[in-house]
Amino acid sequence: MIHPPNSKPVFWLILSVLSAGSMALYVAQIWSANQPPYFNDFYAPWWAAHELLLHGRNPYSPAVAHEIQSVIYGAPANSTSPADPANIAGGFAYPPYAALILWPTVGMSFAAAQKVFSAISLVAILVSLILWLRVLRYRFSPLRWLTVALFTLGSFPALQGMKLGNLSVIAAAFVAATLFLLAENHFVIAGIFLALSSFKPQFIIGLLLWLAIWIASDWRRRRPLAWSFLSTLLLLVLVSEWLVPGWIRQFFNVVRAYRQYTYGHSLLDVWFTPGLGWLVASVFLVAALALGWRHRSQPANSLQFFIVASLALAVTLLVIPTLAPHAQLLLLPGFLCVLEGQTWLSKSSSRLVLMAAWALLAWPWVAAFALLLVRQWVPLSTLLRFWAVPLYTSPLLPLALAAALALLTRELSSRNLTTRFRPAPVLENAKHKP
């Protein structure tokens with residue numbers, strides 16, 4: 001997503017164009033081949049918001065779910081899972097206040113709303129990138145900025161999120177806004193954005209735990225963040241209750257059904273059993289918070305705070321029940337942290353972990369380019385059998401990044417550094433020493 005310090009800008013710009021173009025063609029010609037016309041993640045929340053806000057219908061009702069299924073799949077679902085007796089999987093799987101985010105589009109046709117949301121998604125990804133770079137005080141020339149933007153927009157998580165119209169793109173932007181505002185000491189507004197991002201509650205599990213520890217370590221100064229978050233969340237819950245009475249129970253019913261519909265298991269569930277997966281997930285979360293414990297007193301504009309927050313986001317993707325690559329937009333700040341601090345690690349084992357993280361990140365671009373190169377001599381129908389090859393490393397990427405961030409956190413602890421963000425970034429000063 002970003003290039004190393006001592007790189008030739010023109011070379012990396014050409015590589016970013018080639019990588020983004022290859023991935024875009026792969027998504028359009030191979031990954032999305034033979035998908036139904038309405039196969040996307042945007043129709044379900046859009047139609048539910050449309051019916052709730054314009055007609056007062058319950059977005060969790062089987063009737064609304066069946067209407068969504070009929071458009072996406074051509075017919076209502078016929079599930080035999082005991083977790084989905086009403087066949088509501090694939091319907092609206094968000095809190096009701098998520099419908100308020102889509103309110104400007106409910107009066108449009110779906111085709112128009114989809115185009116608007118695609119444009120908003122692109123802008124949201126770019127804004128997220130700008131906010132992460134602002135937090136770390138990176139300053140780029142226009143050429144380097146274009147390179148970074150192309151690598152980010154041309155990554156599979158970004159392209160998949162825009163192609164499917166998944167609301168993960170918006171949630172990731174809200175998380176970026178939260179940490180940017182914290183770094184700027186705007187705690188009240190940061191709490192509002194943190195509460196808004198809870199429409200994807202699984203995205204902020206690790207971040208909430210870290211922020212709770214961080215706030216408790218200096219309650220007098222940091223309590224505005226807590227009160228702002230809790231009051232905004234309470235307001236959203238009450239508005240949702242007014243819109244859909246009894247929504248919390250219905251929401252959890254949909255979540256149970258949705259896990260069957262989307263193979264809702266984490267990477268740890270796959271490696272272990274679903275029962276053991278939750279136990280291992282708890283260990284990962286506790287370990288991440290333990291690593292960050294020594295940095296709980298650091299200010300929000302410190303590198304220590306940001307690395308631990310990025311570690312919490314990376315571990316979150318390990319423990320939540322999803323393998324969807326578009327959720328990996330939350331890994332962007334972690335890779336920026338690795339870029340910032342990778343020169344601090346001197347042990348060969350630590351450098352191997354960093355190399356593994358960068359290699360796993362690069363693989364989808366390499367594989368997509370290879371598939372398109374072979375496309376010149378091999379029929380598309382044959383290539384479709386290998387459509388998953390660029391995604392082979394996707395489940396391992398959060399683990400590798402979490403390991404790299406854990407090493408950086410431990411290094412900060414062992415050196416007992418107090419590092420605030422500097423006005424000049426590593427990319428502009430290759431001789432920087434910590």
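Quick caveat, the model's predicted, so the values are computed rather than measured. (Residues numbered from 1 in each chain as written. Predicted model: local features only at pLDDT ≥ 70, side-chain atom pairs only at ≥ 80, totals over all residues. Heavy atoms only, no water.)

### Quick notes on the overall build of the chain
Counting secondary structure elements, the chain contains 19 helices and zero strands. Sequence separation of 24 or more characterises 79% of the internal contacts of the chain that already satisfy a separation of 6 or more. Surface accessibility of the chain: about 19200 Å² in total, with carbon and sulfur atoms responsible for 68%. (Helix = DSSP H or I, 4+ residues; strand = E, 2+ residues; numbered from the N terminus. Contact = heavy atoms within 4.5 Å. Areas by Shrake-Rupley, 256 points an atom, 1.4 Å probe, with all protein chains shown as cover.)

### Topic: the nonpolar core
The nonpolar side chains of a soluble globular protein tend to be buried with one another. Ranked by size, the top nonpolar core spans 134 residues in total, and within it Tyr26, Leu182, Phe199, Trp210, Leu211, Trp214 and Leu405 carry the most contacts. Residues in contact with Trp210, not counting those within four places in the same chain, are Leu289, Gly292, His295, Arg296, Phe305, Val308, Ala309 and Ala312. (Core = buried A, V, L, I, M, F, W, Y, C linked by side-chain atoms within 4.5 Å. Buried < 20%, exposed > 50% of the residue type's maximum accessible area, 1.4 Å probe, protein only.)

### Overview of the packing of aromatic side chains
As enumerated under the stated definition, the model contains 25 aromatic pairs in all. Ring plane angle 85° and centroid distance 5.5 Å describe the contact between Phe11 and Trp12, whose orientation is recorded as edge-to-face. Judged by its relative accessible area of 49%, Phe11 falls in the partly exposed class. Taken together through their ring pairs, the aromatic side chains of Phe42, Tyr43, Trp46, Trp47, Phe110 and Phe117 make up a single cluster. (Phe/Tyr/Trp six-rings, centres within 6.5 Å; stacked < 30°, edge-to-face > 60°.)

### A look at the confidence of the model for the chain
Considering every residue of the chain, the mean pLDDT works out to 87; 88% of them sit at 70 or more. Least confident of the elements in the chain is helix H13 (residues 267-271), whose mean pLDDT is 77; most confident is helix H9 (residues 187-196), at 98. Segment residues 422-434: pLDDT under 50, and 27 contacts once partners within four positions in sequence are set aside and those in other chains are kept. (pLDDT = per-residue confidence, 0-100.)

### Here's the deal with the packing of helix H10 (residues 205-216) against helix H14 (residues 274-292)
Relative to each other, H10 and H14 sit at 35°, their axes nearing to 11 Å. Where H10 crosses over H14, the two elements pack in a sense that is right-handed. Between H10 and H14, the contacting residues are Gly206, Leu209, Trp210 and Ile213 on the first element and Leu285, Leu289 and Gly292 on the second. (Axes fitted to C-alpha atoms, helices over the stretch in contact; angles between N-to-C directions. Left-handed = near helix turned anticlockwise from the far one by under 90°.)

### Some points on the environment of Tyr392
Assignment of secondary structure puts Tyr392 in the loop between helix H18 (380-383) and helix H19 (397-415). Between the C-alpha atom of Tyr392 and that of Leu360, which follows or precedes it by 32 residues, the distance is 9.1 Å.

### Let's talk about the environment of Val123
Assignment of secondary structure puts Val123 in helix H5 (residues 110-135). Each C-alpha atom of the pair Val123 and Ile170 lies 9.8 Å from the other, and the pair is 47 residues apart in sequence.

### Regarding the pattern of salt bridges
If you walk through the whole model with that rule in mind, you get three salt bridges. For Glu67, the salt bridge identified is with Arg57, shortest N-O distance 3.0 Å. Of this pair, Glu67 sits in helix H3 (residues 62-73) while Arg57 sits in the loop between helix H2 (43-55) and H3, placing them 10 residues apart in sequence. The exposure class of Arg57 is partly exposed, given its relative accessible area of 26%. Look at the salt bridges and you will find they share partners, linking Glu51, Arg57 and Glu67 into a network. (Salt bridge = Lys/Arg side-chain N within 4 Å of Asp/Glu carboxyl O.)

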